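The chain contents come next:
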Amino acid sequence: MTHRQPERSGLTINPFGVVNRMRANMFRTFRGRLALLYVSLELGILLFAGVVLYTALANRVYNEVDEQLVNQAASLASKLEDTSIYFWSAPMNQFADHYAGAIQLISANGIEIFRSDRSLIDRGGNDVSRALGMAFRSGHPAFASTESLLNKANIRVIAFPIFSDGRIVATLMLGHSTADIRSVFNLMYLIGGILGIISILISAAAGYYMAKRALDPIQEITRIARAVAAGDLSRRLTSRAQEKEIGVLVRVLNKMFADLETSFITQKRFTADASHELRLPLTILKGEIEVALRHPRSEQEYQQILRQQLDMIDRIQRIVNDLLTLASADAGQLEMIQTELDLSLLLQEVGQQHLILFDSQHISLDMEIEDDLEIMGDATQIERTMMNLLSNAFKHAPEYSTIYLSAHVTDRSVIICVRDEGPGIAEEQQGRLFDRFYRADDARCRKDGQGAGLGLAICKRIVDAHDGDIWVKSRPGEGAAFFIRLPLMAIDKGHQQRLRHVVAENADAA
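Draft legend 1. Molecular detail of the packing of aromatic side chains. Within the structure shown, the criterion is met by 3 aromatic pairs. Between F358 and F394, the aromatic rings sit 5.6 Å apart at their centres with planes inclined by 20°, giving stacked as the arrangement. Taken together, the residues span a long stretch of sequence, with F358 in helix α10 (residues 355-360) and F394 in helix α11 (residues 379-396) at a distance of 36 residues. In this pair, the class of F358 matches that of F394, namely buried. Ring geometry for W471 and F483: centres 5.6 Å apart, planes at 15°, overall stacked. Of this pair, W471 sits in strand β11 (residues 469-474) while F483 sits in strand β12 (residues 480-487), placing them 12 residues apart in sequence. Relative accessible area serves as the criterion here: at 30%, W471 is assigned to the partly exposed category. Looking at F483, the relative accessible area reads 17%, which means it is buried. Sitting above the plane of the F483 ring, K473 keeps its charged end 5.6 Å from the centroid.

Right, here's the structure in full:
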């Protein structure tokens, strides 16, 4: 028959495990170390204050006891000096009746004349003997203690010389017990210890609470950072910490999370749009090739199919080149050859190049460009920007309308405006107009096929690289106006005119 051990209910507490967890929380966490630092500082301050207080009080107590002994010894010595040595027993007995401590009178030849209690020399040892010898040699009172001040049996002793006819004839020794002083000190230590323990516990709790409160934003930052690292880029910090450093950190991290989310969304949309834009022409190209290969065709048919495919490849190539341009701009590697550029001449040339195209749709071009507009920039990239804006205006301008191109100086900057009389752009669409692959609705029809929506994005990158700004103003049904601001190059126009005048004179003289 086997006996089963009774099952124990409840949880078994491992004291070593509790100690180890407390040690880990105390020494491995910042809040625990800060609390220990508060406790250590508080304990050090209390110990230092206790030592200083004990030293000051002990000196004060000894001084008061010594002063009392001096007064009592001086009073008795005065009586003895006025009395013959043979009659000293009377004042000694009279003093001993009301004196609570030990009394001992030693003659100059070492004979004990009077003793009211146990010998002070025997109780005090060498310290009392040295005080006695010092009093005989110097003629001044000397002090000694039988034990330490905190010892229950401690007695403070004075050796007071007695003179007769100008010489020391005896030494009076009085002992005063410090037991009552010790009781006061014990009470002070008890109260001080209790208050010290309470103070240490309060300091530890305050340090732990302050550390926990200071680290709460850090814990929130850790939690949000883990969520963002896991893919939730919409998370933001909501800490309202009063500490300036934590507030700055929260704002910087929120901005970083917002930039990450924007970058991720932009990259995701860019990848999807790029895939869509490239998939459509590739699908068309593949379908045309498959149709061409189904049965033999004539040479003219093959040439027509190849020309169509070549046009589609050109479109794919334009999209790829635009994507490479945007990628270079995002990486800060967009090549910009900054040179002195006559913007007035460049705008007039770009406008002239579009006259034939505009005339094909009975669209007129109205140019109002100031002379001598000089900037620092890349002529190729600026020309590309203006070509995109004018082509964009042409695609959206109705027949028998006018496209306006103007440039004038305002506050040391050149303001360029390209305006059409097309259907306009809705206000909610204007904020995303310069995003990649973004296209307004079909109301702004296109005359030359479906674009990829990269032209305005490229224009913005080029203008930003020239320290300029680009924006749009439009209302539905009232056309659209695109503005570009470029910094004007600081040139002394008077000096330029004088230089041209000198060159003209030299040409006439030649």
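Once you've had a look at it, read on.
Draft legend 2. A look at helix α6 (residues 179-229). For α6, spanning 51 residues, the distance from its first C-alpha to its last is 72 Å, which sits close to the expected 75 Å at 1.5 Å a residue. Where α6 bends most, the angle comes to about 35°, and this point is L215, followed within four residues by the proline P217. One or two steps after α6, the chain reaches G231, where phi turns positive at roughly 115°.

Draft legend 3. Examining the nonpolar core more closely. Counting 36 residues, the largest nonpolar core has M386, I403, I416 and F482 as the members making the most contacts within it. Those elements that place two or more of their residues in this core are α9 (343-353), β7 (364-369), α11, β9 (402-410), β10 (413-419), α13 (455-465), β11 and β12. Listed in part, the 23 residues of the second largest apolar core include V61, V65, L105 and F160.

Draft legend 4. Seen up close, the sheet that holds strand β2 (residues 112-115). Strand order in the open sheet made by the 5 strands is β2-β1-β5-β4-β3, with antiparallel pairing throughout. Of all the strands in the sheet, just β2 and β3 (142-145) have a single pairing partner and so form its edges. For this sheet, the mean angle separating the axes of adjacent strands, direction not counted, is 20°. Note: β3 against strand β4 (residues 155-164), 4 bridges, orientation antiparallel. Note on β4: the bridge partner recorded for A142 is A159. Each of β1 (103-107), β2 and β5 (167-177) is contacted by helix α3 (residues 89-98), which is oriented at about 155° to β1, the strand it contacts most.

Draft legend 5. Molecular detail of the environment of C417. Along the chain, C417 falls in strand β10. In this structure C417 comes out as buried when scored by relative accessible area, which is 10%. With residues near it in sequence (within four places) discarded, C417 still touches Y404, L405, S406, A481, F482 and F483.

Draft legend 6. Local environment of a negative patch on the surface. Judged by side-chain charge, D366, E368, E370 and D371 come together as a negatively charged surface patch. Positionally, D371 belongs in the loop between β7 and β8 (374-377).

Draft legend 7. Looking closely at the side chain of S474. Within the secondary structure, S474 sits in strand β11. Judged by its relative accessible area of 14%, S474 is buried. One polar contact links the side chain of S474 to the main-chain amide nitrogen of I425, over a distance of 2.8 Å. Looking at S474, its side chain comes within polar contact range of the main-chain oxygen of G479, at 2.7 Å. When residues no more than four places from it in sequence are discounted, the contact partners of S474 are G424, I425, Q430, G479 and A480.

Draft legend 8. Examining the packing of α9 against α11 more closely. At their nearest, the axes of α9 and α11 sit 10 Å apart, and the two run at 40° to each other. On the basis of the axis angle, α9 is oblique to α11. As for how α9 packs across α11, the hand of that crossing is right-handed. On α11, the residues touching L343, L346, L347, V350, G351 and Q353 of α9 are A379, I382, E383, M386, M387 and L390.

Draft legend 9. Representation of the sheet that holds β11 in the model. Ordered in space as β7-β9-β10-β12-β11, the 5 strands form an open sheet in which the pairing is mixed. Across the chains shown, the open sheet's two edge strands, defined by having one partner strand only, are β7 and β11. Averaged over all pairs of adjacent strands, the angle between strand axes in this sheet comes to 15°, irrespective of strand direction. As defined by bridge partners, β7 adjoins β9 across 6 bridges and the pair is classed as parallel. Directly across from D366, in β9, lies its bridge partner Y404. Against the sheet, α9 makes contact with β7, β9 and β10, and its axis sits at roughly 175° relative to β7, the strand it touches most.

Draft legend 10. Spatial organisation of the packing of α11 against α13. Contact geometry of α11 with α13 gives a least axis separation of 9 Å together with a crossing angle of 145°. Pair α11 / α13 crosses with left-handed handedness. Contacts between α11 and α13 pair Q381, I382, R384, T385, N388 and L389 from the former with G455, L456, I458, C459, I462 and V463 from the latter. Per-class residue counts for the contact of α11 with α13 are 7 nonpolar, 4 polar and 1 charged.

Draft legend 11. Fine view of α9. Of all the positions in α9, only L343, S344, L346, L347, V350 and G351 are classed as buried. One face of α9 carries all of its buried residues, which in axial projection span an arc of 165°. Between the side-chain oxygen of the N-cap and the backbone nitrogen of S344 there are 3.3 Å, and the N-cap of α9 in question is D342.

How each quantity is defined
- Residues numbered from 1 in each chain as written.
- Predicted model: local features only at pLDDT ≥ 70, side-chain atom pairs only at ≥ 80, totals over all residues.
- Heavy atoms only, no water.
- Phe/Tyr/Trp six-rings, centres within 6.5 Å; stacked < 30°, edge-to-face > 60°.
- Helix = DSSP H or I, 4+ residues; strand = E, 2+ residues; numbered from the N terminus.
- Buried < 20%, exposed > 50% of the residue type's maximum accessible area, 1.4 Å probe, protein only.
- Lys NZ or Arg CZ within 6 Å of the ring centre and 35° of its normal.
- Expected span 1.5 Å × (residues − 1).
- Bend = angle between axes of the 7 residues up to and from the residue.
- Core = buried A, V, L, I, M, F, W, Y, C linked by side-chain atoms within 4.5 Å.
- Pairing = 2+ DSSP bridges.
- Axes fitted to C-alpha atoms, helices over the stretch in contact; angles between N-to-C directions.
- Contact = heavy atoms within 4.5 Å.
- Patch = residues over 30% accessible without salt bridge, like charges linked within 9 Å, V, L, I, M, F, W, Y side chains within 5 Å.
- Areas by Shrake-Rupley, 256 points an atom, 1.4 Å probe, with all protein chains shown as cover.
- Salt bridge = Lys/Arg side-chain N within 4 Å of Asp/Glu carboxyl O.
- Lys, Arg positive; Asp, Glu negative; His and termini not counted.
- Charge placed at Lys NZ, Arg CZ, Asp CG, Glu CD.
- Polar contact = N/O pair within 3.5 Å; in protein donor to acceptor, adjacent residues only side chain to side chain.
- Parallel < 35°, antiparallel > 145°, perpendicular 65-115°, else oblique.
- Left-handed = near helix turned anticlockwise from the far one by under 90°.
- Nonpolar A, V, L, I, M, F, W, Y, C, P; charged D, E, K, R; others polar.
- Arc of directions from axis to C-beta.

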